[in-house]
Amino acid sequence: LVSMKEATSKLSSGDFSVSLPITSNDEIGELSKSIQTLANDLNYLKIERNEFLASISHELRTPLTYIKGYADIGRRDTLDETERINYLNIIHEEADDVSDLLQELFELAKIDQNEFSISKERTNICLFLQSIYGKLLPAFKSRGIHLELTCNKDFFVEIDPIRFEQVLLNLLDSALKYSKENTTTRLEVLQENNNLIIFIKDQGKGIPSDDLPYIFDRLYRVDRSRSRLTGGFGLGLAIVKEIVEAHNGVISAESQDGKGTCIKILL
């Protein structure tokens, strides 16, 4: 009991390096185990928070460095108008990146504070997906990637159309970014018992097996180089997961490195 009191004092002061032995198989032992579990969880959250803040700092520092650097260059009297316009365009693009990042952080903050509203309505999923298919088809065609939709029956499901469009646009955009020319991305719908299953299958670069368990974590990126060509902040899939779970659904992924990825949404 004295050890547990000392451990809780450490926890209250922010020191989570607690190690309690479980010396009995009774209520005291259960309490000791619970305190140890709490300490481990709090320590994990502390590490995650520090990594999250470090990642956000990195994501903001990069575009702000570009903005400041090109603004300094743009102020030079020796620049001609064409160069100045070019630098202003770069500054505008970087400012858009910062705005997009802050918007995604705002979405996550609303989720964490239980201010994330879901307004479900009975929706014909095939008509819904055909609308999304029509929006994205030109982008896929411009990249030489085939986009196919398979939905053969009138399936109805209770979803928030605006939020769920956000989910599918995010997932299909990822498939577009990481697929090569002359490959195919498929959007398929199946019904099993009382469940509706949506698949997004691509033939892209795939996800390494070591990374696969973490792709829905906040700010996790498979591309460690943080390529500015592919963009993104590692927040999109975290938001997708939150939206799907807010619909009492489950999202999962299967992938083979170099062969493609299959995202499965079960409602």
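Small disclaimer: the values here were computed from a predicted structure and weren't measured.

## What about the state of the cysteines?
Evaluated as defined, the whole model comprises 1 disulfide. Note that Cys126 is cross-linked by a disulfide to Cys151, the S-S spacing being 1.8 Å. Judged by the sign of its S-S torsion, about -70°, the bond between Cys126 and Cys151 is left-handed. Taken together, the positions of Cys126 in helix α4 (residues 125-142) and Cys151 in the loop between β2 (146-150) and β3 (156-159) put the pair 25 residues apart, joining distant regions of the chain.

## Looking at the sheet that holds strand β7 (residues 260-266)
Spatially, 5 strands are ordered β2-β4-β5-β7-β6 in an open sheet, and the strand pairing comes out mixed. The sheet is open, and its two edges are formed by β2 and β6 (250-256), each paired on a single side. Pairwise comparison of adjacent strand axes, ignoring direction, gives a mean angle of 15° for this sheet. Sheet topology places strand β5 (residues 195-201) next to β7; 5 bridges connect them, and they run antiparallel. By the bridge assignment for β7, Lys201 is matched with Cys262. Those strands touched by α4 are β2, β4 (184-192) and β5, and its axis lies near 175° from that of β2.

## Some remarks on the confidence of the model for the protein chain
Detail in the predicted coordinates should be disregarded across regions flagged by low pLDDT. When pLDDT is averaged across the protein chain, the result is 83; 89% of the residues are at 70 or more. With pLDDT under 50 throughout, residues 224-231 is counted as low confidence; its partners more than four residues away or in other chains account for 14 contacts.

## Observations regarding the packing of helix α5 (residues 161-177) against helix α6 (residues 236-246)
Put simply, α5 and α6 touch, their axes get as near as 9 Å, and they point 140° apart. As α5 runs across α6, the sense of the crossing is left-handed. Two secondary-structure elements touch here, α5 through Arg163, Gln166, Val167, Asn170 and Leu171 and α6 through Gly236, Leu237, Ile239, Val240, Ile243 and Val244. Looking at side-chain class alone, the contact of α5 with α6 contains 7 nonpolar, 3 polar and 1 charged residues.

## Structural notes on the pairing of β6
Bridge count for β6 against β7 is 7 bridges, and the pairing is antiparallel. By the bridge assignment for β7, Ser255 is matched with Thr261. Two successive antiparallel strands, β6 and β7, enclose a turn made up of 3 residues, where Gly258 displays a positive phi of approximately 85°.

## Quick notes on the pattern of salt bridges
The tally for this structure, following the rule as stated, stands at 7 salt bridges. In this structure, Glu165 and Lys135 form a salt bridge, with 2.6 Å as the shortest nitrogen-oxygen distance. Pair noted here: Glu165 is in helix α5 and Lys135 is in helix α4, with a separation of 30 residues, a long-range link. The residue Lys177 makes a salt bridge to Asp173 at a minimum N-O spacing of 3.4 Å. Of the two residues, Lys177 and Asp173 are both situated in helix α5; the distance of 4 residues between them amounts to about one turn of the helix. Given a relative accessible area of 32%, Asp173 falls into the partly exposed group. Via salt bridges that share partners, Lys68, Asp72 and Arg75 belong to a single interconnected network.

What counts and what doesn't
Residues numbered from 1 in each chain as written. Predicted model: local features only at pLDDT ≥ 70, side-chain atom pairs only at ≥ 80, totals over all residues. Heavy atoms only, no water. Disulfide = S-S within 2.5 Å. Helix = DSSP H or I, 4+ residues; strand = E, 2+ residues; numbered from the N terminus. Pairing = 2+ DSSP bridges. Axes fitted to C-alpha atoms, helices over the stretch in contact; angles between N-to-C directions. Contact = heavy atoms within 4.5 Å. pLDDT = per-residue confidence, 0-100. Left-handed = near helix turned anticlockwise from the far one by under 90°. Nonpolar A, V, L, I, M, F, W, Y, C, P; charged D, E, K, R; others polar. Salt bridge = Lys/Arg side-chain N within 4 Å of Asp/Glu carboxyl O. Buried < 20%, exposed > 50% of the residue type's maximum accessible area, 1.4 Å probe, protein only.

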